[in-house]
Every structure is written in structure tokens, then in C-alpha cells.
Amino acid sequence: MHVPVWLLVALVAAVVLLVLALWSARAQRSTRVHLGSFERFPDLLTSISALTNGWFVEGNAVRLLQNGEEFFPALLDAIHEAEDSIHLESYVWWKGDICFDVSAALAKKAKAGVEVRVLLDALGSMPADSKCMDDMEAAGVRLVKYHPVELRALGRLNQRTHRKLLVVDGRVAFVFSHGFAHQWMGCGDGPENWRDTGARLEGPIVGHVQAVFAQNWMEETAEVIFGERYFPELSAAGDVRCQIVASRPSGGASSVSVLHKLMIAAADHELLIQNPYFCPDHDMVRMLTEAAGRGVTVRVMVPGPVCDSRSVLHAGHFQFSKLLAAGVEIYEHQVTLIHQKVLVVDDLWSHLGSTNFDERSFDINAEISLGMLDAGVAERLSAAFEDDLRSCRRLDLASWRRRGLVHRVLDAAAFLVHEQL
């Protein structure tokens, strides 16, 4: 078969243009954060709110929920008490008794006339038992899959909602990183019993969580959730100042990426990080080493033997030598998968939610993060960190540099594609 020269040239040109387009999509300029000197951390609050689109609001009650043993009973209680509407968004819905417990509770409320909307990520919920889904829909639950796998929508297949949230009657909200699966049941004390942290909220911040749910729901259904029914006027319920920072794929620097960099840059004496998928890029590594260099105690807790993503683990390992050499303390949990995404700055400002410490969460996924400006909340999260340290092994630079050649090669290979992991 003879191919005309013009056709060959056109095909080569098309391939070159496609490669350039893909390269330009990946080659975004990293967001560098440099803060000048300031006397008091609270002086930055207005700037932080504006830069992250996450405004601090006063008058909130926060109840921290550790592991499935605290989280799921509180979540189910809130569902049972619903009178008008329930909105649930999650990436993970796999298998286990808890899936049937939650689906049954939602179905019961839908049958009683409560508006129930459930938004599940199409890929994250693929392992779900079809009976759970069928029972909810049969009861009147409006079940929608986010970015379903369709030929016409292949361009957005890589963009997922990783958010985990629940809003009941527009008055009670949960922000968490637990998944609906048997791995999250119990007290986080074994390989099949994962460790996690979430929060139950009351007060004005609940309206901000509701707005995050409405965002993705509107994208998938074209339905706009509005009015006093869903956004009631909320009185003060406590004394915690909270913020909600949410992001979704839009190009440029995401709000959660800017948030994490601001938290690192703002740290004055201590920064605690717990994350199951800790894979910082070069700019994040620079900021963490600079923080350690100015006297901040930087402690990072990551998974050890129990891990559900070896590729992300190895990609993160690629940066450990630089961090350890700069004085960053790194701890590997030896008992279970620590799945919570917690940051605590200077015993005052803390965040938890769905955001992993990696480029997929920062630049690709839709995420939600709950910020709390409260010494009491920070103290409780710090105490939980200290308790988790009892099951950790601290890494040291000399031993880390002696890790085997195969380990090093896997680290380097995984980091080459860390943006998509």
C-alpha cells in the first residue's frame, strides 16, 4: 500500500500537535508561595480566606470523630433524625455491612418523604453491591454517578470527585475521609481496620458544606439547589471559627493546593501532617525543608507496611532523603493504614477532609477540606497524632540511604508519573 506524502506529513503533524497539547496541559507552572514577615498569624486570615475562597466564619460546633467506631454511629444518627433533606457525596462506596446500613437508612428516609440525594463517583463506587444501589433507587433516593464512564465523556474520565460529605436538613454537616466499606469499621487497630478522622458540624459553616455539594450536583443533573429549605439561616452553635476550602478541576492552581502551601509557609514553630498518600512535588519539598530550616518542627506520618497504593508510596519515598536531610521528621505507621488527611499548624489552625498530599488531589480531583481555627480542636488532633506515634517507626537518614537498589528504582519510576497517581 502506498501512502501519499501529504498524508504522511499531515499525520506526523497531528501527532506532534497532540504531544504538544498533552505536554502543555501537564506543564503548568507550580504555584510558589513566599510570605513576608508578620507579627501575628491571625493577621493573615483575610488574605488566606481570599486566596483559598474559604472564608472563616464564627459560631460553629465541631465534634471530631475518630475511626469508624465513632464516625458511623454519629452519621447514622444524623440520617435517622433528618426531617426534610439529606445530601451525601462520596468517592468510596465499596462492600461491607456498613454499605447496607447506610443505604437502608437512606431508603427508609426517602420512603418517609425526606428528599435524599446521593452523589457517588462513578469509578470509586464501581465495586458497590448493586442491591444497595437498587434498594435506594426503589425507595425514591435520587442516586447520581459523578462523571460516568461514557464514550462521549472520555475527556473527563480522569477527573473524579474525591469529596466526602453529608448535609442533613441544611443544619448538620459531616466532612470526612472515611469510605463506605468494611475497611473503615472499628477502631483502626489492624491491617483490615483502617484509621481515619472526620468531623460533625453545626452552625453557619454548614451552609458552606451544602454549597460544595450543590456544585457537583448541579454539574451532573443541571438542578440548582437553592432556597431557605436547603440554606436556612443558621445561628451560632459553638465558638469555633471554621472555613471550607473546596476545589475542582479548572486549570491553574487549585484552592486546596494554595491552602496547603500557605499552611506550610505560615508555620512558626510546629507543623503536623498525617496523610496516607504523601507525595509532595519539588516545590512542596522546598517549602517543607525551608520550614524546618527556620526552626519549625515538621513531623510527617505516612503508611508503613499496610498500604493500599504501593505506587504512591514509592513516589513519595523518592523525596524522603531531601526531607530527612533537612530535619523533617518522618514516621511510618506499622499497624494499619492511616487514612486521615490532617494538618495542624502551631497548635491553633488545623484542617481535615478528603484531600491527599499529592498532585492528583491538588490538581485533578474535586476535594473538600475543613479548616478550624481553634486551640481546643488543634489540641485534640495533636493528641491523636501523639497517640498514633506509639505505633510508628521513625525513619533516619543514614538507614534510608541504605535502602536497596530495587526500592530506589521503584521510587524513581513511580515519581516520574506521580502527577497521575
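Think of each chain on its own: its residues are numbered from 1, step by step along the sequence as written. Only residues with pLDDT of 70 or above have their local features reported here, since the model is predicted, and side-chain atom pairs are shown and tallied only from 80 upward, although totals for entire chains, interfaces and linings are computed over all residues. Neither water nor hydrogens contribute to the side-chain values; these are computed over all heavy atoms in the structure.

## Comments concerning empty space enclosed by the protein
Points on a 1 Å grid, built from protein atoms alone, make a cavity when a 1.4 Å probe fits but cannot get out and make a pocket when they are open with protein on both sides within 12 Å along at least 5 of 7 lines; residues with an atom within 4 Å of a point are the lining residues. Grid points are joined across faces, edges and corners, and a volume is the space filled by probe spheres set on the points. For the structure shown, the criterion picks out three cavities of 30 Å³ or more. Taken as a whole, the second largest cavity holds about 40 Å³ of empty space. Forming the walls of the second largest cavity are Pro276, Tyr277, Phe278, Val302, Pro303, Val312, Leu313, Gly316, His317 and Phe320. Of all elements in the fold, only strand 10 (297-303) and helix 9 (310-317) reach the threshold of two or more residues within the lining of the second largest cavity. Runs of H or I in DSSP of at least four residues are treated as helices and runs of E of at least two as strands, each being numbered from the N terminus. Tallying contributions element by element places helix 9 first for the lining of the second largest cavity, with four residues. Grouping the constituent residues of the lining of the second largest cavity by class yields eight nonpolar, two polar and no charged. Amino acids outside the nonpolar list (Ala, Val, Leu, Ile, Met, Phe, Trp, Tyr, Cys, Pro) and the charged list (Asp, Glu, Lys, Arg) are all regarded as polar, and Gly is one of them.

## Thoughts on the packing of aromatic side chains
Two rings from Phe, Tyr or Trp (for Trp, the six-membered ring) form a pair when their centres sit within 6.5 Å of each other. Planes less than 30 degrees apart are called stacked, planes more than 60 degrees apart edge-to-face, and all others tilted. The final tally for this structure, using the stated rule, is 15 aromatic pairs. Aromatic pair Phe71 and Phe176: ring centres 4.7 Å apart, planes at 50 degrees, arrangement tilted. Here Phe71 is found in helix 3 (residues 67-80), whereas its partner Phe176 is found in the loop between strand 6 (172-175) and strand 7 (197-202), with 105 residues between them in sequence. According to the relative accessible area criterion, Phe71 is buried, its value standing at 0%. Where Phe72 meets Phe180, the ring centres are 6.1 Å apart and the plane angle is 55 degrees; that geometry is what we call tilted. Remark: Phe180 occurs in the loop between strand 6 and strand 7 and Phe72 occurs in helix 3; sequence separation between them is 108 residues. Remark: exposure states derive from per-residue accessible area (1.4 Å probe, protein chains only) relative to the maximum for the residue type, with buried under 20%, exposed over 50%, and partly exposed in between. On the basis of relative accessible area, Phe72 is assigned to the buried category, the value being 2%. Overall, Phe180 belongs to the buried group, its relative accessible area being 0%. Clustering of aromatic rings is evident, with ring pairs tying together Phe71, Phe72, Trp93, Phe174, Phe176 and Phe180.

## Here we look at the state of the cysteines
Sulfur atoms of two cysteines make up a disulfide when they are within 2.5 Å. Counted under the stated rule, the structure contains zero disulfides. You can see Cys132 has no disulfide; the closest cysteine sulfur is in Cys99, sitting 5.5 Å from it. Sulfur of Cys307: no disulfide; nearest cysteine sulfur belongs to Cys279 and is 12 Å away.

## Re the layout of surface pockets
Looking at the second largest pocket, its volume works out to about 390 Å³. Around the second largest pocket sit 22 residues that line it, and Tyr91, His162, Asn356, Arg360 and Asn365 are the ones nearest its centre. Put simply, the parts of the chain that give the lining of the second largest pocket at least two residues each are helix 9 and helix 11 (359-364). Across the lining of the second largest pocket, the residue classes tally to nine nonpolar, eight polar and five charged.

## Topic: helix 4 (residues 97-111)
The length a helix should cover is 1.5 Å for every residue beyond the first. Its 15 residues give helix 4 an end-to-end C-alpha distance of 21 Å, which sits within 8% of 21 Å, the value for a rise of 1.5 Å per residue. What makes two residues a contact is simply this: any of their non-hydrogen atoms within 4.5 Å. Of the surrounding secondary structure, the elements contacted by the buried residues of helix 4 are helix 3, strand 2 (85-90), strand 3 (115-121) and helix 5 (130-139). Positive phi shows up at Gly113, right after helix 4, with a value of about 100 degrees.

## So, the environment of Leu157
With respect to the element layout, Leu157 can be found in the loop between strand 4 (142-146) and strand 5 (165-168). Not counting chain neighbours up to four residues away, the residues in contact with Leu157 comprise Leu123 and Val149.

## Concerning the side chain of Ser49
When you line up the elements, Ser49 lands in helix 2 (residues 45-52). With relative accessibility at 3%, the residue Ser49 sits in the buried group. Those residues in contact with Ser49, other than ones at most four positions away along the chain, are Gly54, Trp55 and Phe56.

## Concerning the nonpolar core
One finds Leu75, Trp93, Val102, Leu106, Leu166, Phe174 and Phe180 to be the most contacted residues of the largest nonpolar core, which totals 47 residues. Put simply, the parts of the chain that give this core at least two residues each are helix 3, strand 2, helix 4, strand 3, helix 5, strand 5, strand 6 and helix 9. Nonpolar cores were defined as sets of buried Ala, Val, Leu, Ile, Met, Phe, Trp, Tyr and Cys residues, with membership established by side-chain atoms within 4.5 Å.

## Quick word on the pattern of salt bridges
Throughout this description, the term salt bridge denotes a Lys or Arg side-chain nitrogen within 4 Å of a carboxyl oxygen of Asp or Glu. The tally for this structure, following the rule as stated, stands at 17 salt bridges. One salt bridge connects Arg299 with Glu386, and the closest N-O pair in it is separated by 2.5 Å. Here Arg299 is found in strand 10, whereas its partner Glu386 is found in helix 12 (residues 375-389), with 87 residues between them in sequence. Overall, the relative accessible area of 11% leaves Arg299 in the buried class.

## Quick word on the packing of helix 3 against helix 4
Inter-axis angles, ranging from 0 to 180 degrees, are taken between N-to-C directions of lines fitted to C-alpha atoms, where helices are fitted over the stretch in contact. At their nearest, the axes of helix 3 and helix 4 sit 9 Å apart, and the two run at 15 degrees to each other. By the angle between their axes, helix 3 is roughly parallel relative to helix 4. In this structure, the crossing between helix 3 and helix 4 has a hand that is left-handed. On helix 4, the residues that touch Phe72, Leu75, Leu76, Ile79 and His80 of helix 3 are Ile98, Asp101, Val102, Ala105, Leu106 and Lys109. Class assignment of the residues belonging to the contact of helix 3 with helix 4 gives a composition of eight nonpolar, one polar and two charged. Any angle that falls under 35 degrees is termed roughly parallel, while one over 145 is termed roughly antiparallel, one within 65 to 115 roughly perpendicular, and all others oblique. Left-handed describes a crossing whose near helix is turned anticlockwise from the far helix by less than a right angle; the clockwise case is right-handed.

## Let's talk about the packing of helix 7 (residues 255-266) against helix 8 (residues 282-293)
One way to put it is that helix 7 packs onto helix 8 with a least axis distance of 9 Å and a crossing angle of 20 degrees. Here helix 7 lies roughly parallel to helix 8, going by the angle between them. Considering only the axes of helix 7 and helix 8, their crossing is left-handed. The segment helix 7 lies against helix 8, with Ser257, His260, Lys261, Ile264 and Ala265 engaging Asp283, Met284, Met287, Leu288 and Ala291.

## Some words on unusual backbone geometry
Keep in mind that most residues, glycine aside, have a negative phi and that most peptide bonds are trans. Although it is not a glycine, Asn53 sits at a positive phi angle of roughly 55 degrees. Tracing the sequence through the fold places Asn53 in the loop between helix 2 and strand 1 (57-66). Of note, the phi angle at Asp169 is positive, near 60 degrees, even though the residue is not glycine. Structurally, Asp169 is set in the loop between strand 5 and strand 6.

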